[in-house]
Amino acid sequence: MASFISRCIRHDRAACAAHDRGAGLLVWLIKGSFVGRFTPQYNTPVEIVGLYWHFVDIVWIYLFPLLYLIDSHR
């Protein structure tokens, strides 16, 4: 049981760091949009941050059941 708890804590930190990084990028995008940094012609950072955010979410959809739900029924 102790190894399961330590494994959950270790993986939660990694997932939390990925989401924190994404949240920081979203804040950066919002600040940049208020000063007019992005235009219809130049929106590459918005697209890249959106791809990163969705990649983290999709990875988490598969990672959560794999790490927590499959091993919890033992």
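Bear in mind the structure is a predicted one, so any value in this text is a computation, not a measurement. Numbering of residues starts from 1 in every chain and runs along the sequence as written. Totals for whole chains, interfaces and linings use every residue, but because this is a predicted model, local features are given only for residues with pLDDT of at least 70 and side-chain atom pairs only at 80 or more, for both listing and counting. Think of the side-chain values as coming from all heavy atoms in the structure, minus any hydrogens and water.

Engineer: Break down the overall build of the protein chain for me, with residues and values.
Structural biologist: Counting from the N terminus, the helices are the DSSP runs of H or I reaching at least four residues and the strands are the DSSP runs of E reaching at least two. Counting secondary structure elements, the protein chain contains two helices and zero strands. Only protein chains enter the accessibility calculation, which uses a 1.4 Å probe; a residue whose area is less than 20% of its type maximum is buried, one above 50% is exposed, and one in between is partly exposed. The buried share of the protein chain, reckoned over its 74 residues, is 16%. Residue contacts follow a heavy-atom distance rule, with two residues in contact if any of their heavy atoms lie within 4.5 Å. Counting only contacts in the protein chain whose residues sit at least 6 apart along the sequence, the fraction spanning at least 24 positions is 66%. Using a 1.4 Å probe, the Shrake-Rupley method yields the accessible areas, and only the shown protein chains count as cover for residues. Surface exposure of the protein chain reaches about 5,800 Å², of which carbon and sulfur atoms provide 69%.

Engineer: Account for the packing of aromatic side chains, naming residues and giving values.
Structural biologist: Working definition: a ring pair exists when centres of Phe, Tyr or Trp rings (six-membered ring for Trp) sit within 6.5 Å. Plane angles under 30 degrees give stacked, over 60 give edge-to-face, the rest tilted. Counting across every chain of the model gives two aromatic pairs. Both rings, one in Trp28 and one in Phe38, keep their centres 6.0 Å apart while their planes meet at 75°; by these two values the pair is edge-to-face. One end of the pair, Trp28, is in helix 1 (residues 2-34); the other, Phe38, is in the loop between helix 1 and helix 2 (44-69), and 10 residues separate them in sequence. Under the relative-accessibility criterion, Phe38 is labelled buried at 16%.

Engineer: Can you break down a nonpolar patch on the surface residue by residue, with the values?
Structural biologist: Like charges are joined within 9 Å and nonpolar side chains (Val, Leu, Ile, Met, Phe, Trp, Tyr) within 5 Å, but only among residues with over 30% relative accessible area and no salt bridge; these make up the patches. Throughout this description, the term salt bridge denotes a Lys or Arg side-chain nitrogen within 4 Å of a carboxyl oxygen of Asp or Glu. Together, Ile30, Phe34 and Val35 make up a nonpolar patch on the protein surface, roughly 380 Å² of accessible area in all. Under the relative-accessibility criterion, Val35 is labelled exposed at 67%.

Engineer: I'd like a rundown of helix 2, residues and numbers included.
Structural biologist: Multiply 1.5 Å by the residue count of a helix minus one, and that product is the helix's expected span. Taking 1.5 Å of rise per residue, the 26 residues of helix 2 would be expected to cover 38 Å, and the 37 Å separating its terminal C-alpha atoms lies within 8% of that figure. We define the bend at any residue as the angle between the axes fitted to the seven residues before and including it, ending there, and the seven starting there. Along its length, helix 2 shows its largest kink, about 30°, at Leu63, and proline Pro65 lies within four residues downstream of that point.

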